[in-house]
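Chain by chain, the residues:
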Amino acid sequence: MTSSSKQHTVAESPYGSLTLVATEGVLSGLYMTGQRHRPAEESFGERVTVFEEPFPEVVRQLAAYFAGELTAFDLPLRLEGTAFQRSVWGQLVRIPYGETWSYGRLAGEIGNPNASRAVGLANGKNPISIIVPCHRVIGASGGMTGYGGGLERKVRLLDFEAGRTGWSSGRNQRSFGRA
């Protein structure tokens, strides 16, 4: 792979197909089918198998997450966006597994308590869903608000992390990663 190249692969998950994108060998995108703000397919670069770097470790950790065995990802990430967006995304990874924060709290955590609307916009453009857990952000009243992957997926992810669903079954774990 050349130093400026992009590659992608597709892995199946309990939440549908996931497109994994790497830029210069580092994960730079994880997009769900039908995800809002999903870049055009041709921008993902050459399609490769899930067995080509850096994808095996990404798929391994995602499989462990979907099996209920992993609550925090440990992967190098390349988050491409504005400085403000990167500050929001940097806080998202601090939200503990199984917990939620409001947009207002997230705005406060980045030192700009009046920026909850801008935080929501940045959250919606998160390029590495699930791993950078934008699904853990909810409205101030505790209600489900927008999610780039769709509200149904957001609810399912939150229910899964709260132990209210059975995605840890062996069948789902074994089938994860095979596109």
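First, a word on scope: everything that follows refers to the structure included in this document. Everything numeric in this text was worked out from a predicted model, so none of it was measured.

**Topic: the pattern of salt bridges**
Enumeration over the complete set of coordinates arrives at seven salt bridges. Between Arg136 and Glu161 there is a salt bridge, and its shortest N-O distance comes to 2.8 Å. Pair noted here: Arg136 is in the loop between helix H4 (116–124) and strand S6 (137–138) and Glu161 is in helix H5 (residues 151–161), with a separation of 25 residues, a long-range link. If you follow the salt bridges from partner to partner, you end up with Glu24, Arg78 and Glu80 in one network.

**Details of the side chain of Glu161**
The exposure class of Glu161 is buried, given its relative accessible area of 6%. Residues contacting Glu161, with those up to four places away along its chain left out, are Tyr65, Tyr97, Gly98, His135 and Arg136.

**Section: unusual backbone geometry**
Negative phi characterises most residues that are not glycine, and trans characterises most peptide bonds. Here the residue pair Glu53 and Pro54 is connected by a cis peptide bond, since its omega of 5° sits within 30 degrees of zero. Relative to the elements of secondary structure, Pro54 occurs in the loop between strand S4 (46–47) and helix H1 (55–66). At Glu24, a position not held by glycine, the phi torsion is positive, near 50°. Position of Glu24 among the secondary structure elements: in the loop between strand S2 (16–23) and strand S3 (26–32). Even without being glycine, Ile130 reaches a positive phi, approximately 70°. In this fold, Ile130 is placed in the loop between H4 and S6.

**As for a nonpolar patch on the surface**
Taken together, Met144, Leu151 and Val155 make up a surface patch of nonpolar side chains, about 220 Å² in accessible area. By the secondary structure assignment, Leu151 is in helix H5.

**Observations regarding the sheet that holds S3**
Each strand in a sheet pairs with another by means of backbone hydrogen bonds, the pair being arranged parallel or else antiparallel. If you trace the four strands from one edge of the open sheet to the other, you get S3-S2-S1-S4, paired in mixed fashion. With one partner strand each, in any of the chains shown, S3 and S4 form the two edges of the open sheet. Packed onto the sheet, H1 meets strand S1 (6–13), S2 and S3 and runs at close to 145° relative to S2.

**Some points on H5**
Arg153, Lys154, Leu157, Leu158, Phe160 and Glu161 are the residues of H5 that are buried. Buried positions in H5, seen along its axis, are confined to an arc of 160° and lie on one side of it. For H5, the elements touching its buried residues are S3, H1, helix H3 (103–109) and S6. Positive backbone phi, at 80°, marks Gly163, one or two positions downstream of H5.

Definitions and limits used
- Residues numbered from 1 in each chain as written.
- Predicted model: local features only at pLDDT ≥ 70, side-chain atom pairs only at ≥ 80, totals over all residues.
- Heavy atoms only, no water.
- Salt bridge = Lys/Arg side-chain N within 4 Å of Asp/Glu carboxyl O.
- Helix = DSSP H or I, 4+ residues; strand = E, 2+ residues; numbered from the N terminus.
- Buried < 20%, exposed > 50% of the residue type's maximum accessible area, 1.4 Å probe, protein only.
- Contact = heavy atoms within 4.5 Å.
- Patch = residues over 30% accessible without salt bridge, like charges linked within 9 Å, V, L, I, M, F, W, Y side chains within 5 Å.
- Areas by Shrake-Rupley, 256 points an atom, 1.4 Å probe, with all protein chains shown as cover.
- Pairing = 2+ DSSP bridges.
- Axes fitted to C-alpha atoms, helices over the stretch in contact; angles between N-to-C directions.
- Arc of directions from axis to C-beta.

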